[in-house]
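# Coordinate analysis (summary)
Chain residues, written in single-letter form:
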Amino acid sequence: MTPHIRAKENEFAKTVLMPGDPLRAKYIAENFLDNVVLVNDVRNMLGYTGEYKGKKISVMGSGMGMPSIGIYSYELIKFYGVKNIVRVGSCGAINEDLDLYDIILANGASTNSNFQSTYKLNGIHSATASFELLLSAYKSCEKLGVKPHVGNVLSSDIFYHDDPNDWKNWQKMGVLAIEMEAHALYLNCNRLGANGLTILTVSDSLVTGEETTATERERSFNQMIEVALNMDEA
Ligand SMILES: Nc1nc(Cl)c2ncn([C@@H]3O[C@H](CO)[C@@H](O)[C@H]3O)c2n1
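Computed from a predicted model, the values in this text were never measured in an experiment. (Residues numbered from 1 in each chain as written. Predicted model: local features only at pLDDT ≥ 70, side-chain atom pairs only at ≥ 80, totals over all residues. Heavy atoms only, no water.)

### A closer look at unusual backbone geometry
Basically, it comes down to this: What counts as a helix is a DSSP run of H or I of at least four residues, what counts as a strand is a run of E of at least two, and both are numbered from the N terminus. The buried label goes to any residue with under 20% of its type's maximum accessible area, the exposed label to any with over 50%, and the partly exposed label to all in between, with areas taken from a 1.4 Å probe on protein chains only.
Residues other than glycine seldom take positive phi values, yet Asn35 does so here, at roughly 50°. Mapped onto the elements of the fold, Asn35 is located in strand β2 (residues 34-40). Under the relative-accessibility criterion, Asn35 is labelled exposed at 59%. Of note, the phi angle at Lys120 is positive, near 50°, even though the residue is not glycine.

Rendered as structure tokens:
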């Protein structure tokens, strides 16, 4: 038990998938996993443990933003012994080579957040994914015939930027897309010795202004889930 999770000590698998939306966690549990058990519903941040092709795996919502995923990923690693956390989410593309529904594997996550000030570093930590998980996800993409984009993303504290064009400065740095969680996940994993990876589906493009519809998001989301579920476990 923690302040935010009611699951018993051994109720999470070694690997946890984390969509932002707890209803996505419910969708994944109901549509992809067998022998599913609800292990958390505190604050309705639904968490489940089940099996995929006979392998134990968990899925739980992370909420939106770095403070939220920062709490849940910390507690999963520190108090439940989780070793691998794979964020599966949506993002806004800022690179012109990206199309709607493209899949991104984030090897790193830049940020405008103050999150890493807690580590009192006399510099800026490069928040990076686990290469083991990144390679496993890349191989899973190959098996499924998916060509992912591998690169840096921006984890922003803000969804509505006051200057609607400030993403263009990040575009100059080769950043592929904007989302709001990866940087904090990677910091927790880097600090606590766990493996983290973020897999994203492009749900909108700041370059073209295109957006997916709610139903299209669900369809395109499935491909990313299959990539995550078919990864070899680290
Ligand atoms: N800042 C931001 N901007 C754009 Cl264009 C996004 N597209 C998807 N997301 C993700 O979806 C949620 C916001 O809708 C967040 O969890 C975030 O990770 C985005 N977050």
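That was the structure; now back to the text.
### Describing the nonpolar core
The criterion, for reference: Remark: nonpolar core denotes a set of buried residues (Ala, Val, Leu, Ile, Met, Phe, Trp, Tyr, Cys) joined through side-chain atoms within 4.5 Å. We call two residues in contact when some of their heavy atoms are within 4.5 Å.
By size, the foremost hydrophobic cluster in this structure holds 67 residues, and its most contacted members are Phe12, Leu76, Ile104, Leu197 and Ile199. Other than its neighbours up to four places away in sequence, Ile199 contacts Val86, Arg87, Val88, Gly89, Ile103, Ile104, Leu105, Ala137, Met224, Val227, Ala228 and Met231. If you look at the next biggest cluster of nonpolar residues, it comprises five residues, including Ile94, Trp167, Val175 and Ile178.

### Some points on the confidence of the model for the protein chain
Any segment with low pLDDT has predicted coordinates that should not be analysed in fine detail. To be explicit about the condition: The predictor rates its confidence in each residue with pLDDT, a number between 0 and 100.
Looking at the protein chain, the pLDDT average stands at 96 and 99% of residues meet or exceed 70. Reported for the predicted complex are a pTM of 0.97 and an ipTM of 0.98.

### Observations concerning the pattern of salt bridges
Worth spelling out the cut-off: The rule for a salt bridge is simple: a side-chain nitrogen of Lys or Arg has to be within 4 Å of a carboxyl oxygen of Asp or Glu.
If you walk through the whole model with that rule in mind, you get four salt bridges. A salt bridge links Glu30 to Lys26; the nearest nitrogen and oxygen atoms lie 2.9 Å apart. Taken together, the residues Glu30 and Lys26, both in helix α1 (residues 22-32) and four residues apart, mark about one turn of the helix. Residue Glu30 is classed as exposed on the basis of its relative accessible area of 54%. A salt bridge links Glu181 to Arg87; the shortest N-O distance between them is 2.8 Å.

### Overview of helix α5 (residues 182-192)
Three or four residues apart is the spacing at which side chains of an α-helix point the same way, because the helix has 3.6 residues per turn. Buried residues dominate α5, accounting for eight of its eleven residues. Along α5, the residues classified as buried are Ala182, His183, Ala184, Leu185, Tyr186, Leu187, Asn188 and Cys189. Among the structural elements, α2 (66-80), β5 (84-93), β6 (103-111), β7 (149-155), β8 (177-179) and β9 (195-205) are those in contact with the buried residues of α5. Where α5 ends, the next residue or the one after it, Gly193, has phi of about 75°, a positive value.

### Description of the packing of aromatic side chains
Here is the rule we go by: Pairing of aromatic rings covers Phe, Tyr and Trp, the last through its six-membered ring, and needs centres within 6.5 Å; plane angles under 30 degrees mean stacked, over 60 mean edge-to-face, and all others mean tilted.
Enumeration over the complete set of coordinates arrives at four aromatic pairs. For the pair Tyr27 and Phe32, a centre-to-centre distance of 6.4 Å together with 65° between the ring planes defines the contact as edge-to-face. Each member of the pair, Tyr27 together with Phe32, is buried.

### Structural notes on the site of the ligand
Operational definition: Here, proximity means that at least one heavy atom of the residue falls within 4 Å of the molecule or strand. Under the rule applied, a polar contact is a pair of N or O atoms within 3.5 Å (in protein, one hydrogen donor and one hydrogen acceptor; residues adjacent in sequence only if both atoms are side-chain atoms). Exposure was quantified through the Shrake-Rupley algorithm and a 1.4 Å probe, taking into account, for residues, occlusion by the shown protein chains and nothing else. Residue polarity follows a fixed list, in which Ala, Val, Leu, Ile, Met, Phe, Trp, Tyr, Cys and Pro are nonpolar, Asp, Glu, Lys and Arg are charged, and the others, Gly among them, are polar.
The environment of the ligand is made up of 14 residues, and the closest members are Arg87, Ile158, Met180, Glu181 and Asp204. At 3.0 Å, a backbone N or O of Met180 approaches an oxygen atom of the ligand. In isolation the ligand exposes 440 Å². Once the protein is present, 86% of that is buried. Among the secondary structure elements, those contributing two or more residues to the shell around the ligand are β5, β8 and β9. Along the lines of polarity and charge, the residues of the shell around the ligand split into seven nonpolar, three polar and four charged.

### Looking at the environment of Ala184
By secondary structure assignment, the location of Ala184 is in helix α5. With 57 residues separating them along the chain, Ala184 and Ala127 place their C-alpha atoms 8.0 Å apart. The contacts of Ala184, once residues within four sequence positions are left out, are Met66, Ile69 and Phe115.

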